[in-house]
Amino acid sequence: MPTKISWTGLSHQDRIQILKEMRIDQIIALYEMPDVTPEDFQDRLVKQLTLWAPKNLGDFDTKGGPPTKDVVLGAWRDLDRSEALLELIDNSIDAWNLRRETYLAMTAKTLIVHIRIDPQMQQLVYEDNAGGVPKDKLTHLVVPGYSDTTDLSLTIGSYKTGGKKAIFRLATAASITTRYQNPAQTSDEAWSIQLDEAWLRDPYKYEFPYAPLKDKSVIEQGQTRYTFQLREEPIGGTPWYLESDDIKKVSESIQRTYTLLLIRNPNIQIFFHDLKNPIEPLEKLYDFSGTNKNGTDLRPQQIQFKFDLLHDGVPYSVIAEIVLGCRRTSGAGGTISGPGIDLYGNNRLFVLHDHETFAHLLPTGSARNLVRGFVNIHGPNFFIPWDTHKRHLNPDREIMRALTKNKLITDFFGHWNQAYQGVGRGDVTDLINEPLPKAVDKVKKDLFLPTRVTVEVDLRRKRGVNLPPSYVPPKVKRSKLRNHILTVKFTLDVEEAMYLFGKYGIEGSPREVSKAMVQNLSEAIRDDVLDRAKKKRRK
Ligand SMILES: Nc1ncnc2c1ncn2[C@@H]1O[C@H](COP(=O)(O)OP(=O)(O)OP(=O)(O)O)[C@@H](O)[C@H]1O
Ligand SMILES: [Mg+2]
């Protein structure tokens, strides 16, 4: 039997010509798609006929060219200056980690990132010792789309534009000096990339000038140094780097973004502005209740859910590390330690205090203030549901279905939901305000988490699966005796209820009330009235 011609091997124009001239059965007789049955091939041809409408087309011409720099130029505008620096730090961490995997002995033991500002020169110098960049990879530092990372690398870097956006965001002109530490020690090269104002502004120019350093000793082996001529910000006013508030904002943003990473990898040191003291992990980010007495155990728990996700049809292993615990206060406040679930990708924070994604698994009403924890996705960067700036969640990504619907994961949230509800009212403070013996376990190089469980998850199994017996859920035993509790009852008509729903922000309609809505309303009224009564008494 003569072999058929590969349909996918043809150019688009050739396929359109064939679709114009031949019937589908004739095409199937002559052509094939590799690994596709004739029925599926027919199906695809039918779709192509509606998609391209070939019979109505005249002759083809072509247009188009490479994208302009506006793609990056445009994107820098919605980065704040901390986020630009985070992009550079992300890259230093990735480069250092990737290098360590292959050339541990030839990688700096401690990654040191130095960020300093020279107000006289109006320059910012960003420097790391992640290994440097060889000549054939200098383009990675400048041109969008060029990078060492692939979809499958276990990196923070995912979109191949971060470092470039940072340059445009911060600088009107930039020089990048890098001295590659060749693991084979067969060469010692140091380069200077120079991006002047005209280059940064020209939307079409991607070629950039670079030159070797004559005196390499100005930079150590393995170092990369960005020197930015800073944009004038604000125009005409005191520059941001002379305002302590602005400096504080940047250093706090770096601190919370990398707290978990710094705890888990004490060999990373980031210096910003203060060049003597590296940024310390922010322990109050996870100020969990450590209560474990009289039948109540609210100490934080970690479950690592291991499952496979597909990329181009091939399964890859991902771990969703979920840590849940109880706050030490039931108040809503606390900008850092406030309630909510934080989201991480490969230990890098990208959303602080999410209140929506897991809301269907957690309490409403005032018990919501007790919720604290995080979800950290470890695996190929492709699966991490963050946006290009790594500051938002994309709830439509495949992994989110697993995280919000898989029975084992929702069971874990369910146990904590019960615990939060159980903490309930009255002597809440007594019940939850006990701190953990320590926030960080220095030996384990991790947060102090008394419960650690790993659970293999088959995402295809929806029923009949349970958390392992070794997992012990949190427990709450109220110390108050039943006869010390009063239940106050009253009734409302729909119109009155409507007012109160509005006042207390209860979601849903009072015409179709659920138990949870009544519970939320009752808690809200109780909190409000009690609060007023207590305040009055204090006055
Ligand atoms: N400090 C550095 N040291 C060594 N290599 C670096 C450094 N900064 C950037 N690079 C190189 O530049 C590449 C591109 O970085 P870039 O931030 O543009 O993209 P990315 O990190 O792959 O993705 P994302 O857009 O998500 O940040 C890195 O993969 C790395 O090869
Ligand atoms: Mg990057």
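None of the values given here were measured: they were computed from a predicted structure. Numbering of residues starts from 1 in each chain and follows the order in which that chain's sequence is written. Following the order in which they are written, the chains are lettered starting with A and the ligands numbered starting with 1. Whole-chain, interface and lining totals are the exception, using all residues; otherwise, since this is a predicted model, local features are given only for residues with pLDDT of at least 70 and side-chain atom pairs are given and counted only at 80 or more.

Draft legend 1. Spatial organisation of the overall build of the protein chain. Each helix and strand in the protein chain was counted, giving 13 helices and 19 strands. Taken along its principal axes, the extent of the C-alpha atoms in the protein chain is 85 × 75 × 50 Å. Put plainly, a residue is buried at 20 or more neighbouring C-beta atoms within 10 Å of its own, exposed at 12 or fewer, and partly exposed in between, counting only other residues' C-beta atoms, which are placed from the backbone. By the burial criterion, 32% of the 539 residues in the protein chain qualify as buried. In this description, a residue-residue contact is defined by the distance between C-beta atoms placed from the backbone, which must lie within 7 Å. For the protein chain, restricting intrachain contacts to residue pairs at least 6 apart in sequence, the fraction spanning at least 24 positions comes to 71%. What counts as a helix is a DSSP run of H or I of at least four residues, what counts as a strand is a run of E of at least two, and both are numbered from the N terminus.

Draft legend 2. Representation of the site of ligand 1. As a rule, any residue with its backbone-derived C-beta atom within 6 Å of a molecule or strand is reported as near that molecule or strand. In the vicinity of ligand 1 lie 25 residues, with Asn91, Ser147, Asp148, Gly157 and Gly162 positioned nearest. Listed by contribution, the elements that provide at least two residues to the shell around ligand 1 are α5 (81-102) and α6 (162-170). In terms of residue count, α5 provides more of the shell around ligand 1 than any other element does, six residues in total. Under the scheme applied, nonpolar residues are Ala, Val, Leu, Ile, Met, Phe, Trp, Tyr, Cys and Pro; charged residues are Asp, Glu, Lys and Arg; polar residues are all the others, including Gly. Broken down by class, the residue content of the shell around ligand 1 amounts to five nonpolar, twelve polar and eight charged.

Draft legend 3. The arrangement of the environment of Asn91 in detail. For Asn91, the location among the structural elements is in helix α5. Residue Asn91 is classed as buried on the basis of its 26 C-beta neighbours within 10 Å. On a C-alpha basis, the gap between Asn91 and Gly365 in space is 41 Å, while along the polypeptide they are 274 residues apart. What Asn91 contacts, discounting residues up to four positions off in sequence, is Gly157, Gly162 and Gly163.

Draft legend 4. Molecular detail of α5. One less than the residue count of a helix, multiplied by 1.5 Å, gives the span that helix is expected to have. Along its 22 residues, α5 runs 33 Å from first to last C-alpha, staying within 8% of the 32 Å computed at 1.5 Å per residue. Taking burial as the measure, the 22 residues of α5 include 17 buried ones, the bulk of the element.

Draft legend 5. Local environment of the sheet that holds strand β3 (residues 111-118). Spatial strand order, β7-β6-β5-β8-β4-β3-β9: seven strands in an open sheet with mixed pairing. Bordering the open sheet on either side are β7 (210-212) and β9 (268-272), each of which pairs with just one other strand. Taken pair by pair, the neighbouring strands of this sheet meet at an average axis angle of 10°, ignoring direction. Looking at chain direction, strand β5 (residues 171-181) and strand β6 (residues 188-195) are connected through eight bridges and run antiparallel. When the sheet's bridge partners are listed, Thr177 is paired in β6 with Ser192. Paired strands, in this sense, are two strands between which DSSP finds at least two bridges. Between N-to-C directions, angles span 0 to 180 degrees; the directions come from axes that are lines fitted to C-alpha atoms, helices contributing only their stretch in contact.

Draft legend 6. Geometry of the sheet that holds strand β15 (residues 348-354). With mixed pairing, six strands are arranged side by side in an open sheet as β15-β14-β16-β13-β12-β19. A strand with exactly one partner marks an edge of an open sheet, and here the two such strands are β15 and β19 (451-456). With strand direction ignored, the average angle separating the axes of adjacent strands in the sheet is 20°. Of the strand pairs in this sheet, strand β12 (residues 301-311) and strand β13 (residues 314-326) are connected by eleven bridges, and their pairing is antiparallel. Its bridge partner being in β13, Gln301 is matched across the sheet by Leu324. Its contacts with the sheet place helix α9 (residues 398-405) against β12, β13 and β16 (371-378), and it is angled at close to 145° to β12.

Draft legend 7. View of unusual backbone geometry. A cis amide bond, omega -10°, links Glu233 with the succeeding residue Pro234. With respect to the helices and strands, Pro234 occurs in the loop between β8 (224-230) and α8 (244-264). Notably, Gln122 is not glycine yet its phi reads approximately 55°, a positive angle. With respect to the secondary-structure elements, Gln122 resides in the loop between β3 and β4 (123-128). Overall, the presence of 15 C-beta atoms within 10 Å leaves Gln122 in the partly exposed class. Positive phi, close to 50°, is recorded for Lys445, a residue that is not glycine. Looking at the secondary structure, you find Lys445 in the loop between β17 (440-441) and β18 (446-447). For Lys445, a count of 12 C-beta atoms within 10 Å puts it in the exposed group.

Draft legend 8. Spotlight on the packing of α5 against α8. The N-to-C vectors of α5 and α8 enclose an angle of 45°; their axes lie 9 Å apart at closest approach. The angle between α5 and α8 places the two elements in the oblique class. In terms of crossing hand, the pair formed by α5 and α8 is right-handed. Contacts between α5 and α8 involve Arg81, Ser82, Leu85, Leu86 and Ile89 on the former and, on the latter, Lys249, Val250, Ser253, Ile254 and Thr257. Each residue belonging to the contact of α5 with α8 can be placed in one class, and the counts come to five nonpolar, three polar and two charged. Here roughly perpendicular refers to angles of 65 to 115 degrees, roughly parallel to angles under 35, roughly antiparallel to angles over 145, and oblique to all remaining angles. It is the rotation of the near helix from the far one that decides the hand of a crossing: anticlockwise by less than a right angle makes it left-handed, clockwise makes it right-handed.

Draft legend 9. Inspection of the pairing of β6 at higher detail. What sits between the antiparallel neighbours β5 and β6 is a turn of six residues, in which Gln185 has the positive phi angle 55°. Examined bridge by bridge, β6 and β7 share three bridges and lie antiparallel to one another. Paired with Ile193 across the bridge in β7 is Tyr210.

Draft legend 10. Main features of the pairing of β5. With eight of eleven residues buried, β5 lies mostly within the body of the structure. Pairing geometry for β5 and β8, over seven bridges, is antiparallel. Counted as the bridge partner of Ile176 is Tyr226 from β8.

Draft legend 11. The arrangement of the domain arrangement of the protein chain in detail. Segmentation of the protein chain into domains returns domain 1 (5-56), domain 2 (70-272), domain 3 (286-456) and domain 4 (486-538). Placing a centre on the C-alpha atoms of domain 1 and another on those of domain 4 gives a separation of 64 Å. Just so you know, the domain bounds were taken from an automatic or database domain assignment.

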